[in-house]
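So the chains spell out like this:
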Amino acid sequence: MSQQVAWQLSLVLMTLLACVFAYVGGTAGTREEDYTPLQKRAYRVRAWLFWILVLLFGPVMVYTLLDLPYDAATSRSGGAPAQIIEAVGYQWRWELSRDHVVAGEPVEFRVSSADVNHGFGIYDPDMRLVAQTQVMPGYTNKVRHTFDREGTYKVLCMEYCGIAHHNMMAEIKVGRPEERR
Amino acid sequence: MASSIPTPTPDRGAQAGVVAYLVTTAAVLLLMMVFGLLMRLEQAEVTAMGPGWFYELMTLHGAGMVGIAGLAGAAIMWHFLRQYVDLSEKIFLANLAFFLVGVVMILGSVLLGHFHAAWTFLYPLPAKSMGAWSQEAAAAFMGGLLVIGVGFLLLYLDIARAVIARYGNFARALGWPQLFGRDDGNAPPPAVVASAMVTTVNIIGLVVGASILTMMLVNLYVPGFDIDPLLAKNLIYFFGHVFINASIYMAVIAVYEILPRYTQRPWKSNKVFLASWTASTLMVMFIYPHHLLMDFAMPKWMLIMGHIIGYLNGIPILVVTAYGTLMIVFRSGIRWDMASGLLFLSLFGWAAGAMPAIIDGTITVNYVMHNTLWVPGHFHTYLLLGMVTMVFGFMYYLGKQSLEAGDGMLDRAAFWLFAVATLGFTLSFLYSGQASVARRYAAHLPEWVPYARLGSVFAALVIVAVLVFLLRFLGRLRFAMRRAPRATSVRGAAA
């Protein structure tokens, strides 16, 4: 979802900029000799532009800070996780304490590395990235995610770690709650 | 208010050193672009070089592009700054010598020693290759970066000396008396303000970079000398972020200096301009945690700081530099040629690339976009269509044979090919990023291959256009050093 919004918003903003540059580039052929009045008008427009940007970006900047993925205990999943997966990254494989969880209940991943930096990226059955954290020797990063549907999810390495980085994958089976074991 | 010279007065020709920098830029840039294309072709399953070669090319492409962006930016800054302060040409050339020595060390490390820990050389990967490269290869790579860094540090120290000799201190060079007091019209010109900013941040960045490289070199041979991986990552990204962004801030001096000559309108160092450069000085240093948003072990306040400054950082780019460019070009009667056209295009590229970059710096978006191809999508937009396009504009400017010299059909075709192909190339990265395609993968999953194929086509077209730009520049080298007016006069202006 975030990915589509990011893409569409980027396209809109980049197109808007392209239109403005094309308009100014296109009208640049005729000369308005006296620059001072034009400059005064442009400074007024700039002040408006500044406040428009503040009013547009400001609320977005604040709103997007309301749901951060860092603090597992206060994440949107809420509550104590019934399912915990300890994950350790090695060059070039993942070691997971379990590879079966159920949908609809939060899963806490406790991720660390035995050697170099890795990235723990969880991909849904459609190969959409749904959650990630960096993996670093000497640190355990916790990331909490609630799988909203069953299926086979993949874990891909999201930080370059050497010659077989692209092969560093694992699978997590997400079943229905009644399949709990 | 101080401003860049708005009249078609003769430009000082480029010093031999500037020409040497730009010829080096042309050679390295083209080679690194070919490496980039080969990487895309591998992901597209058109070639089958294997992961060893892929990651070696990736390491060279990253290190080479960052280094050459710094070198080309320095050439532009030095060329224009020497109008205002007394710079040492010997130090300028010494930096090039250090650069070339560093390049040889890096090439040896990668091509002979098979080092491929990426240009980011994240600790402790260089020391943990699983037998893929030797300790010596890792030392040659990091040593090469260190040598290049020493050269740049020498250059910036000389610039600092020259700026202080002329303006007394950096506060004056940044225009602080005019910013915080009454604007007496004596603020330094934009080229000096930008140079003071870049010198300040790059001296700090290079010292930080040299520190972590030295620590990692010691660790290579004395493994007991342990480094905290998170501290190492902070130091590497601080240095890397500052250095690559400084390359844009140096290259944009070409826009400040050249476009006013084409439009015969001044680019003023007024309060807004000075405020934006002072803000950028601080923001470019404090924004770097946005590279570590997925490092949950980082202090949360630093990550939130990265998120917030990511938004604020867009304002000077959009409201001051991009808007300033639009202002002086609007109804200016400018006669477009390759130099002015590329400089104008470059500001679009910088501003356009800032959009997906700001979005990526949003923590909740980064959670599902970090280290996907979205990242090279936005940085190729503001570096290739922004910073590198400024360099091409500068090259065309220096190579102008006469005041009214026009451009050939081939150049104009290359301009439009470059603009369209670069946008296609960067959008293919961005689209891949929104489809969750992971970056730095030697082999792509079957469903990702079509994106790589499309990207390869655009990358090849970019190289065709760039080949025209660079061959044209090399063919006009003899004009680059002449003292002559270069900016074509505006329509309707008195001769």
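For clarity, every value in this text was computed on a predicted model and none was experimentally measured.

## As for the overall build of chain A
Thinking step 1. Helices and strands together make up the secondary structure of chain A, namely two helices and nine strands.
Thinking step 2. Taken from N to C terminus, the helices and strands of chain A fall in the order α-α-β-β-β-β-β-β-β-β-β.
Thinking step 3. What you see for chain A is a C-alpha radius of gyration of 24 Å, clearly larger than the 16 Å of a compact globule of 181 residues, by over 25%.
Thinking step 4. Here the C-alpha coordinates of chain A stretch approximately 80 × 40 × 30 Å along the principal axes.

## Focus on the domain arrangement of chain A
Thinking step 1. Assigned domains of chain A: these are domain 1 (2-63) and domain 2 (82-179).
Thinking step 2. In this structure, domain 1 of chain A and domain 2 of chain A have C-alpha centres spaced 42 Å apart.

## Topic: the pairing of strand S1 (residues 83-90) of chain A
Residues and elements named next belong to chain A.
Thinking step 1. With seven bridges connecting them, S1 and strand S4 (residues 106-113) associate as parallel partners. Bridging from a neighbouring strand, Ala87 pairs with Val111 of S4.
Thinking step 2. Inspection of the sheet shows S1 paired to strand S2 (residues 93-96) by four bridges, in the antiparallel sense. The residue of S2 that forms the bridge with Gly89 is Trp94.
Thinking step 3. Between the antiparallel neighbours S1 and S2 lie two residues.

## Remarks on helix H8 (residues 229-263) of chain B
Owing to its 3.6 residues per turn, the α-helix brings residues three or four apart onto one side.
All names here are of chain B.
Thinking step 1. Look at H8: 51 Å from first C-alpha to last across 35 residues, which is about the 51 Å you get at 1.5 Å a residue.
Thinking step 2. Burial within H8 is extensive, with 32 of its 35 residues counted as buried.
Thinking step 3. The positive-phi residue at the C-terminal boundary of H8 is Gln264, with phi of around 50°.

## Some words on the interface of chain B and chain A
Thinking step 1. In this assembly, 67 residues from chain B lie in contact with 69 residues from chain A.
Thinking step 2. Residue assignment for the side of chain B that touches chain A shows that the elements contributing at least two residues are helix H2 (51-81), H8, helix H10 (300-312), helix H11 (314-329), helix H12 (338-360), helix H13 (363-369) and helix H15 (409-434) of chain B.

## Overview of the packing of helix H3 (residues 89-112) of chain B against helix H4 (residues 135-167) of chain B
All names here are of chain B.
Thinking step 1. Contact pair H3 / H4: the axes reach a minimum separation of 8 Å and the direction vectors enclose 170°. Between H3 and H4, the interaxial angle falls into the category roughly antiparallel.
Thinking step 2. Taken together, the residues of the contact of H3 with H4 break down into 19 nonpolar, seven polar and one charged.

## A closer look at the nonpolar core
Thinking step 1. Residues B:Ile76, B:Ala251 and B:Ile253 are the most contacted members of the largest nonpolar core, which totals 233 residues.
Thinking step 2. The two domains that each donate at least three residues to this core are domain 1 (2-63) and domain 2 (82-179) of chain A.

## Brief notes about the sheet that holds strand S8 (residues 151-157) of chain A
All names here are of chain A.
Thinking step 1. Taken in spatial order, the five strands make up an open sheet running S3-S9-S8-S5-S6, and their pairing is mixed. The open sheet has two edge strands with one neighbour each: strand S3 (100-102) and strand S6 (129-135). Taking the axes of each pair of neighbouring strands and ignoring which way they run, one obtains an average angle of 25° across the sheet.

## Some thoughts on H3(B)
All names here are of chain B.
Thinking step 1. With 24 residues, H3 extends 34 Å between its outermost C-alpha atoms, agreeing within 8% with the 34 Å of an ideal straight helix rising 1.5 Å per residue.
Thinking step 2. Every buried residue of H3 is accounted for by Phe92, Asn95, Phe98, Phe99, Gly102, Val103, Met105, Ile106, Ser109 and Val110.
Thinking step 3. Packed against the buried residues of H3 are helix H1 (16-43), H2 and H4.
Thinking step 4. Looking at the residues trailing H3, positive phi occurs at His114, about 60°.

## Quick word on the confidence of the model for chain B
Thinking step 1. Chain-level pLDDT for chain B is 95 on average; 97% of the residues reach the 70-or-more range.
Thinking step 2. Reported confidences for the modelled complex are a pTM of 0.95 and an ipTM of 0.94.

## Examining the packing of H1(B) against H3(B)
Residue and element names in this part refer to chain B.
Thinking step 1. Close contact between H1 and H3 brings their axes to 10 Å; oriented N to C, the two are set at 15°. Between H1 and H3, the angle is such that the two are roughly parallel. Crossing of H1 over H3 shows left-handed handedness. Side by side, H1 and H3 meet where Gly17, Ala20, Tyr21 and Thr24 of the first sit next to Glu89, Phe92, Leu93 and Leu96 of the second.
Thinking step 2. Per-class residue counts for the contact of H1 with H3 are five nonpolar, two polar and one charged.

## Regarding the environment of B:Ser276
Residue and element names in this part refer to chain B.
Thinking step 1. Position of Ser276 relative to the elements: it lies in helix H9 (residues 271-286).
Thinking step 2. For Ser276, a count of 19 C-beta atoms within 10 Å corresponds to the partly exposed category.
Thinking step 3. In the structure, Ser276 is positioned 45 residues away from Thr321 in sequence and 9.0 Å away in space, judged by C-alpha atoms.
Thinking step 4. In contact with Ser276, not counting residues within four places along its chain, are Pro316 and Val320.

What counts, and where the lines are drawn
Residues numbered from 1 in each chain as written. Chains lettered and ligands numbered in written order. Predicted model: local features only at pLDDT ≥ 70, side-chain atom pairs only at ≥ 80, totals over all residues. Helix = DSSP H or I, 4+ residues; strand = E, 2+ residues; numbered from the N terminus. Rg over C-alpha atoms; globule rule 2.2 N^0.38 Å. Domains from an automatic or database assignment. Pairing = 2+ DSSP bridges. Expected span 1.5 Å × (residues − 1). Buried ≥ 20, exposed ≤ 12 C-beta atoms within 10 Å, placed from the backbone. Contact = placed C-beta atoms within 7 Å. Axes fitted to C-alpha atoms, helices over the stretch in contact; angles between N-to-C directions. Parallel < 35°, antiparallel > 145°, perpendicular 65-115°, else oblique. Nonpolar A, V, L, I, M, F, W, Y, C, P; charged D, E, K, R; others polar. Core = buried A, V, L, I, M, F, W, Y, C linked by C-beta atoms within 7 Å. pLDDT = per-residue confidence, 0-100. Left-handed = near helix turned anticlockwise from the far one by under 90°.

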